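Architecture at a glance
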Amino acid sequence: MERQVVHLNVAHFMAAVEELLDTSLRGRPFVIAPEGVERAVAVEVSRAAFDEGLRRGMPLAQARRALPGLRVLPVREALYRRAGAALYEIAAGFSPVLESPGGGHLFVDITGTRRLFGHPVDCAARLREEAVRRAGLRPVAGLAVNRLVSKIGTRVVKPDGFVVIGPGDEPGFLRHQEVSLVPGVGAKLMERLGLLGIREIGELASLSDADASAFLGRHGPLLRDRARGIDTAPPSVRGNGERSVRASHLFDTDTADAAEIEAALRGIVEDAGVLLRSDGLAARSVEVALAYSDRLRARGSAALPAPSWRDAELFEAARAALHRGMTRRVRVRRVAVVFSRMVPAARQAELFAPPGAAKGEALQDALDSIRRRYGRGAVRAASATRGPA
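Attention in this report is confined to the structure presented alongside it. As the structure is a prediction and not an experimental result, all values here were calculated from the model.

Description of unusual backbone geometry
- A cis amide bond links lysine 158 to the next residue, proline 159, at an omega of 10 degrees.
- Mapped onto the elements of the fold, proline 159 is located in the loop between helix 7 (147–157) and strand 8 (162–164).
- Although it is not a glycine, histidine 12 adopts a positive phi angle of roughly 50 degrees.

Here it is as structure tokens:
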């Protein structure tokens with residue numbers, strides 16, 4: 001049976017959610033950025049702002065210079081999580097095999113659903129229509145035999161469209177598309193490909209193993225395979241990808257001081273821990289993302305030995321993920337943490353809990369009580385308060 005995967009992508013997702021709640025924003029340029037942060041960057045830009053040249057990650061001061069009178073909205077993570085959860089719930093009615101990376105993206109494997117929902121093209125169209133009708137969000141949709149091609153398809157027809165790439169049509173569809181559409185091809189790699197005269201996906205796809213490795217390094221063959229539309233992995237059967245807890249820290253001054261970065265990490269882990277416990281959740285994995293001063297990014301991930309909601313255990317896993325991702329000697333601008341693979345938090349019955357665990361839970365409860373009353377930053381571990389030397 002030929003696999004059929006739908007990729008849904010709500011362009012400018014956060015801005016689209018804001019426009020849904022405040023129709024006066026539609027067609028107007030605005031950005032979403034954290035409040036009260038001296039060196040804030042745009043977390044999201046509206047479609048109108050994008051058309052004016054503004055981009056995600058652009059310093060807010062630069063965006064305001066480029067567009068005087070620009071409206072800036074605060075980041076409302078809970079609102080965006082609810083919107084993402086609504087999309088996930090709609091998609092779950094069409095298939096149990098779906099993956100939600102977040103940010104308005106969904107991969108839905110509709111293989112074998114013909115008896116329930118008809119031809120795959122009709123099913124994909126109906127899924128998109130349901131997202132519009134029930135969630136008020138209009139995603140672009142791509143239908144193909146794998147995640148990779150469906151994702152490239154949605155990039156081609158953004159911000160609003162529906163594309164179907166039938167089995168066997170992948171080479172013809174991909175051949176003359178811009179090579180920047182291939183996942184993993186960023187600005188630096190685009191420069192290298194430009195020097196090689198490679199501007200279309202078909203030109204990257206034509207490289208041999210030897211040439212791909214020689215020109216693009218050890219990941220060259222993988223990128224070449226992506227250009228050929230090769231992706232054998234189905235969407236992973238994950239819970240709602242929006243059920244994750246995120247926190248980040250923007251440094252006042254870019255830093256390469258490992259101790260200062262760890263201190264910031266501990267602080268945002270504590271913030272994330274409060275959210276986990278308030279939702280009655282425990283995390284099984286963590287990802288730490290680093291944004292460097294030269295605009296490049298890096299990530300590291302780690303699995304927790306057992307699902308946890310305790311700050312100490314969360315931090316140990318986050319620190320391991322940090323050191324896996326922090327491989328460059330370049331100053332860091334922002335550090336972010338994402339806890340995922342959630343399960344309900346299970347606390348030990350006091351009768352059977354080891355004495356140390358019982359004390360740890362009591363201390364955690366006491367700290368959370370203080371934070372609920374006086375704010376999240378009221379109590380910090382000493383190592384989380386280290387400032388720059």
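Some remarks on the sheet that holds strand 5 (residues 98–102)
- Ordered in space as 5-6-1-7-8, the five strands form an open sheet in which the pairing is mixed. Two strands bound the open sheet, and with one partner strand each, they are strand 5 and strand 8. Taken pair by pair, the neighbouring strands of this sheet meet at an average axis angle of 10 degrees, ignoring direction.
- As judged from the five bridges shared by strand 1 (residues 5–9) and strand 6 (residues 105–109), these two strands associate in the antiparallel manner. Pairing of valine 5 across the sheet is with aspartate 109, part of strand 6.

Examining the environment of valine 97
- Looking at the secondary structure, you find valine 97 in the loop between helix 4 (77–92) and strand 5.
- For valine 97, a relative accessible area of 25% corresponds to the partly exposed category.
- For the pair valine 97 and isoleucine 110, spaced 13 residues apart in sequence, the C-alpha separation works out to 7.7 Å.

Some points on the pattern of salt bridges
- In this structure the tally under the stated criterion is 18 salt bridges.
- The partner of arginine 128 in a salt bridge is aspartate 160, and the shortest N-O contact between them spans 2.5 Å. Remark: aspartate 160 occurs in the loop between helix 7 and strand 8 and arginine 128 occurs in helix 6 (residues 120–135); sequence separation between them is 32 residues.
- Judged by its relative accessible area of 12%, arginine 128 falls in the buried class.
- Glutamate 287 is the salt-bridge partner of arginine 299, the closest N and O atoms lying 2.8 Å from each other. Taken as a pair, arginine 299 in strand 11 (residues 297–308) and glutamate 287 in strand 10 (residues 281–292) lie far apart in primary sequence, 12 residues in all.
- Classification of arginine 299 by relative accessible area gives exposed; the value is 56%.

Let's talk about the pairing of strand 1
- Counting buried positions along strand 1 yields five of five residues, so the element is predominantly enclosed.
- Residues of strand 1 alternate between two faces, with Val5, His7 and Asn9 on one and Val6 and Leu8 on the opposite face, all of them buried.

Regarding the side chain of glutamate 44
- Residue position: glutamate 44 is located in strand 3 (residues 44–45).
- Given the relative accessible area of 4%, glutamate 44 is considered buried.
- If we ignore the near neighbours within four places in the chain, the residues touching glutamate 44 are His12, Phe13, Met14, Ala15, Val31, Ile32 and Arg56.

Examining the packing of helix 1 (residues 13–21) against helix 4
- Put simply, helix 1 and helix 4 touch, their axes get as near as 10 Å, and they point 95 degrees apart. If you check the angle between helix 1 and helix 4, you find them roughly perpendicular. Counted together, Phe13, Met14, Val17, Glu18 and Leu21 of helix 1 and Leu79, Tyr80, Ala83, Gly84 and Leu87 of helix 4 form the full contact between these two elements.
- Here the residues of the contact of helix 1 with helix 4 are counted per class, giving eight nonpolar, one polar and one charged.

Side note on the nonpolar core
- Formed by 33 residues in total, the largest nonpolar core has its most connected members in Val6, Phe13, Leu87, Leu106, Val108, Leu127 and Leu137.
- Per element, the largest residue contribution to this core is seven residues, and it comes from helix 4.
- Setting aside its immediate chain neighbours within four residues, leucine 87 contacts Val10, Phe13, Gly104, Leu106, Ala131, Ala135 and Leu137.
- Counting 32 residues, the second largest nonpolar core, distinct from the first, contains Leu265, Val269, Ala272 and Phe339.

Focus on helix 14 (residues 311–325)
- Given a rise of 1.5 Å per residue, 15 residues ought to cover 21 Å, and the 21 Å separating the end C-alpha atoms of helix 14 matches this to within 8%.
- Those residues of helix 14 that fall on the buried side of the exposure criterion are Asp311, Leu314, Phe315, Ala317, Ala318, Ala321, Leu322 and Gly325. Considered in projection along helix 14, the buried side chains sweep an arc of 165 degrees and stay on one side of the axis. Exposed and oriented more than 90 degrees from the buried face of helix 14 are Ala312 and Arg324.

Overview of the packing of aromatic side chains
- The final tally for this structure, using the stated rule, is one aromatic pair.
- Seen in terms of ring centroids, phenylalanine 94 and phenylalanine 117 are 4.9 Å apart; in terms of plane orientation they differ by 35 degrees. Their pairing is tilted. Of the two residues, phenylalanine 94 sits in the loop between helix 4 and strand 5 while phenylalanine 117 sits in helix 5 (residues 114–117), which places them 23 residues apart along the sequence.
- A relative accessible area of 7% means that phenylalanine 94 is categorised as buried.
- Residue classification places phenylalanine 117 among the buried positions, given a relative accessible area of 17%.
- The positively charged end of arginine 55 is found above the aromatic ring belonging to phenylalanine 50, 3.7 Å away from the centroid.

Each value, and the rule that gives it
Residues numbered from 1 in each chain as written. Predicted model: local features only at pLDDT ≥ 70, side-chain atom pairs only at ≥ 80, totals over all residues. Heavy atoms only, no water. Helix = DSSP H or I, 4+ residues; strand = E, 2+ residues; numbered from the N terminus. Pairing = 2+ DSSP bridges. Axes fitted to C-alpha atoms, helices over the stretch in contact; angles between N-to-C directions. Buried < 20%, exposed > 50% of the residue type's maximum accessible area, 1.4 Å probe, protein only. Salt bridge = Lys/Arg side-chain N within 4 Å of Asp/Glu carboxyl O. Contact = heavy atoms within 4.5 Å. Parallel < 35°, antiparallel > 145°, perpendicular 65-115°, else oblique. Nonpolar A, V, L, I, M, F, W, Y, C, P; charged D, E, K, R; others polar. Core = buried A, V, L, I, M, F, W, Y, C linked by side-chain atoms within 4.5 Å. Expected span 1.5 Å × (residues − 1). Arc of directions from axis to C-beta. Phe/Tyr/Trp six-rings, centres within 6.5 Å; stacked < 30°, edge-to-face > 60°. Lys NZ or Arg CZ within 6 Å of the ring centre and 35° of its normal.

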